[in-house]
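Remarks on the overall topology
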Amino acid sequence: MIGGALAAPGAKHDGIWSVQLATDSGTCDSSASYSIAVENGSVRYIPSPGSSPATVSGRIGPDGTVDLDIRRSIAKADASGRLNGKSGSGTWQLAMLGCSGRWTAQKRPA
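I will try to describe carefully the structure that is included in this document.

Parameters at a glance
Residues numbered from 1 in each chain as written. Predicted model: local features only at pLDDT ≥ 70, side-chain atom pairs only at ≥ 80, totals over all residues. Heavy atoms only, no water. Helix = DSSP H or I, 4+ residues; strand = E, 2+ residues; numbered from the N terminus. Polar contact = N/O pair within 3.5 Å; in protein donor to acceptor, adjacent residues only side chain to side chain. Contact = heavy atoms within 4.5 Å. Pairing = 2+ DSSP bridges. Buried < 20%, exposed > 50% of the residue type's maximum accessible area, 1.4 Å probe, protein only.

Our next topic: the side chain of serine 35. Looking at where serine 35 falls in the secondary structure, it is placed in strand S2 (residues 31–39). There is a polar contact of 2.3 Å between the side chain of serine 35 and the side chain of arginine 108. For serine 35, the contacting residues outside a window of four places in its chain are Trp17, Arg44, Tyr45, Ile46 and Arg108.

Take a look at the structure:
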């Protein structure tokens, strides 16, 4: 195989994603927005100015499957779903606070 055929399987999801969270149940904020960088299936949180530190770990599978842990202070949320092309969606849960909801994502233009 030559050229682009050697690209990592998760590379098609690489880029900066804008993620919006909506809370369906619990006492968490009703909505929140985050920026996430994806590179070869690895995920990195991009903090906005003045935001509290957070850590995102997990993977984006070659088929777009999302399986992430998001940690801020002592709170840990789990997110799952799927990226498809330039958008994605799924669910999240913050069990410690009894919160859960949905997320949507849009890939930013390169």
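What follows is about the pairing of S2. Pairing of strand S1 (residues 15–25) with S2, which is carried by eight bridges, proceeds in the antiparallel orientation. Across the sheet, leucine 21 pairs through a bridge with alanine 32, a residue of S2. Hairpin connection, S1 to S2: the antiparallel pair is bridged by five residues, and glycine 26 has positive phi, about 100 degrees. Examined bridge by bridge, S2 and strand S3 (residues 42–46) share five bridges and lie antiparallel to one another. Bridging from a neighbouring strand, isoleucine 36 pairs with tyrosine 45 of S3. What sits between the antiparallel neighbours S2 and S3 is a turn of two residues, in which asparagine 40 has the positive phi angle 50 degrees.

On to the pairing of strand S7 (residues 87–94), then. Along S7, the buried face is formed by Gly88, Gly90, Trp92 and Leu94; none of Ser87, Ser89, Thr91 and Gln93, which line the opposite face, is buried. Bridge count for strand S6 (residues 75–84) against S7 is seven bridges, and the pairing is antiparallel. Its bridge partner being in S7, leucine 83 is matched across the sheet by glycine 88. What sits between the antiparallel neighbours S6 and S7 is a turn of two residues, in which glycine 85 has the positive phi angle 70 degrees. By the bridge criterion, eight bridges tie S7 to strand S8 (residues 99–107) in an arrangement that is antiparallel. Pairing of tryptophan 92 across the sheet is with glycine 101, part of S8. The turn linking S7 back onto S8 is made up of four residues, and glycine 98 within it adopts a positive phi angle of 70 degrees.

As for its placement among the helices and strands, serine 25 is situated in strand S1. Given the relative accessible area of 33%, serine 25 is considered partly exposed. In this structure, the C-alpha to C-alpha distance between serine 25 and glycine 98, residues 73 residues apart in sequence, is 7.5 Å. Apart from the residues lying within four places of it in its own chain, the contact partners of serine 25 are Gly98, Cys99 and Ser100. Polar side-chain contacts of serine 25 include one of 2.9 Å to the side chain of serine 100.

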